[in-house]
Amino acid sequence: MVPLKVLPVRRQVSQSALQRFYLAEILVGLGITAGHFFRNLGRWVTGRKGAVTYQWPEERRPLAPRLRSLHRLVRREDGSPRCVACMMCETVCPAHCIYIVAAEHPNPDIEKYPERFDIDLGKCVFCGFCVEACPEDAIRMDTGILEFSAFSRDGMVYSKEVLLALEPAGVDGLPTSSPPRSLIRRGFD
Amino acid sequence: MSATLVDLGIAFAKVGFVMGFVLNLGGLMTWVERKQSAVMQDRVGANRASILGLRLLGLFHPLADAIKMLTKEDFMPARADRALFLAAPVVSVFFALAGFAAIPFGDVLRVGGREVSLQAVTLNAGILYVFAMLSMGVYGVMLAGWASANNYALLGGQRAAALMISAEIAIGASIMGVCMVYGSLDLQEIARGQGAYWGGVIPKWGLLTQPLGFLLFLTAGIASTKRIPFDFPEGESEIIGYFVEYSGMKFGMFMMADFIETVVIAGMTTALFLGGWQVPWLFADGFHFPGGAVWALPHVVVVVLQIGAFISKVILMCWLLMLIRWTLPRFRYDQAMRLGWLGLLPLAVLNIVVTAAVLLL
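A. Inspection of the overall build of chain B at higher detail. Counting its secondary structure elements, chain B contains eleven helices and seven strands. In terms of overall dimensions, chain B is globule-like: its C-alpha atoms have a radius of gyration of 22 Å, near the 21 Å expected for 361 residues. Counting every position in chain B, which comprises 361 residues, the buried fraction comes to 44%. The contacts of chain B with a sequence gap of at least 6 include a subset with a gap of at least 24, amounting to 76%.

Rendered as structure tokens:
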């Protein structure tokens, strides 16, 4: 049998008499909280903000430019997708959430274009591999849109048309476009 | 006959004023609790309840709370003692409300040849009455703990009883010093006594004549409200406490009782230690400033000033109690017992002895 070894624990006892006298320390603590109270109250009364809270959704924090948010498909000058349906993103996607149907492009220089380009955001893990893999810089995750939810699984599948219509975020990282409301309500009404 | 009717009317008016004051302030305390804690902790606090888009700093939240509590399921455990289970919240709120009746909110109002003492009930032994009502309040909590047929509720009720015994004795002993200095058990007489001055400058408020008594009373008073730092009868992180089986408005009544007790303790502290309705250098005929200047005021203005001073002091005390509640952590059960029996009680007795010695000399 292993002999029990008792380790002495040195408790912190180096408190001054004033600290051990409970009341004095209470007054110090009350001073701190009352200080916060009056400082914040003064800010509120003079029309400034006396809290660290952001009042979402009216007030939004700026987002970092490198943040991965909702995808969008980059457009050519004529408004058609820049995507050439090479299937790189669909292949690299660890969540298998991208579904592409390729079709022949009328322009022989471009070869292919996506007839369908669906992203199931209910499966997406926002790893950004699709953006990294794309040889044409045709898909980006810079819309700044973080709030997309739907009442049904169908509503989470974003089609080519929806993704093409999205715009990049503004300078503060906040979205300048939003997915259509009909998508969110799908399956609900 | 008509004189009796007028007397009856006056009595109703006084009771109505006190009830309205205590209930409204108690209801407002839920808002104060949310907002004050938020401002103290650099937060915004509840502000989303709105009527027609009007938010008013979250003042509608108590209203929303009331609607929510009244429309919730009124659940009762199968093995609960039905009568006691129903009686417990009523007992709690009733005694908390009744406590304020003997606290004076102004001096004498003279209307049409009548002298109306501005306190809901004129009692010779007002202190004992308030004290008794505060002690009775714990019966509601004990009944709740017993009637719920729940071990945690029973633990909570038992803790509340133990806390109340240790706190009430300290309260009683700490008040004795005040009674000795002002020579009365009548809260109105004590408030009048605090209108005297040292050298015509410094008012003889209880805070200055009985500083130790003030600290002891405040500590024991907070303990008797069962709120943090003495909230182990609830102890939501350990036993949840005596109201664990209560829901809806019955639970709301327990919360309400806690807030009303806070207001009662604030009122008691005001009456005993902060000069009650006294305004410094304000006498029955107007201000008599230390320099010798006199500013005569009509009787009605004096009375309004006194009532205003009392209300302001009570609100200040409520703020202070709230500040303490949101600053300190919870005492452990045994720590609070030790503080009550080995800290507050001996100090209160010492306070009595020293006060008696000073008064004799």
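Additional details are given in the paragraphs that follow.
B. Region of interest: the overall build of chain A. Across its full length, chain A carries six helices and five strands. Ordered by position from the N terminus, the helices and strands of chain A form the series α-α-β-α-β-β-α-β-β-α-α. Its C-alpha atoms give chain A a radius of gyration of 28 Å, clearly above 16 Å, the size a compact globule of 189 residues would have. For chain A, the spread of C-alpha atoms along the three principal axes comes to 90 × 70 × 35 Å. Counting only residues that meet the buried cut, chain A has 20% of its 189 residues in that class.

C. Geometry of the environment of A:P179. All names here are of chain A. Mapped onto the elements of the fold, P179 is located in the loop between α5 (160-165) and α6 (181-185). Between the C-alpha atoms of P179 and C89, which are 90 residues apart in sequence, the distance is 22 Å. Not counting the four nearest positions on each side in its chain, P179 is found in contact with I145, F148, Y158 and V162.

About the thresholds
- Each chain has its residues counted from 1, following the order in which its sequence is written.
- Note on labels: chains are lettered from A, ligands numbered from 1, in written order.
- Only residues with pLDDT of at least 70 get local features here, since the model is predicted, and only at 80 or more are side-chain atom pairs given and counted; chain-wide, interface and lining totals rely on the full set of residues.
- A run of H or I in DSSP counts as a helix once it spans at least four residues, and a run of E counts as a strand once it spans at least two, with each numbered from the N terminus.
- Each radius of gyration reported is based on C-alpha atoms, and the globular scaling rule is 2.2 Å times the count of residues to the power 0.38.
- Every C-beta atom is placed from the backbone, and the number of other C-beta atoms within 10 Å of a residue's own sets its class: buried at 20 or more, exposed at 12 or fewer, partly exposed in between.
- Placing C-beta atoms from the backbone, we regard two residues as in contact once those atoms come within 7 Å.

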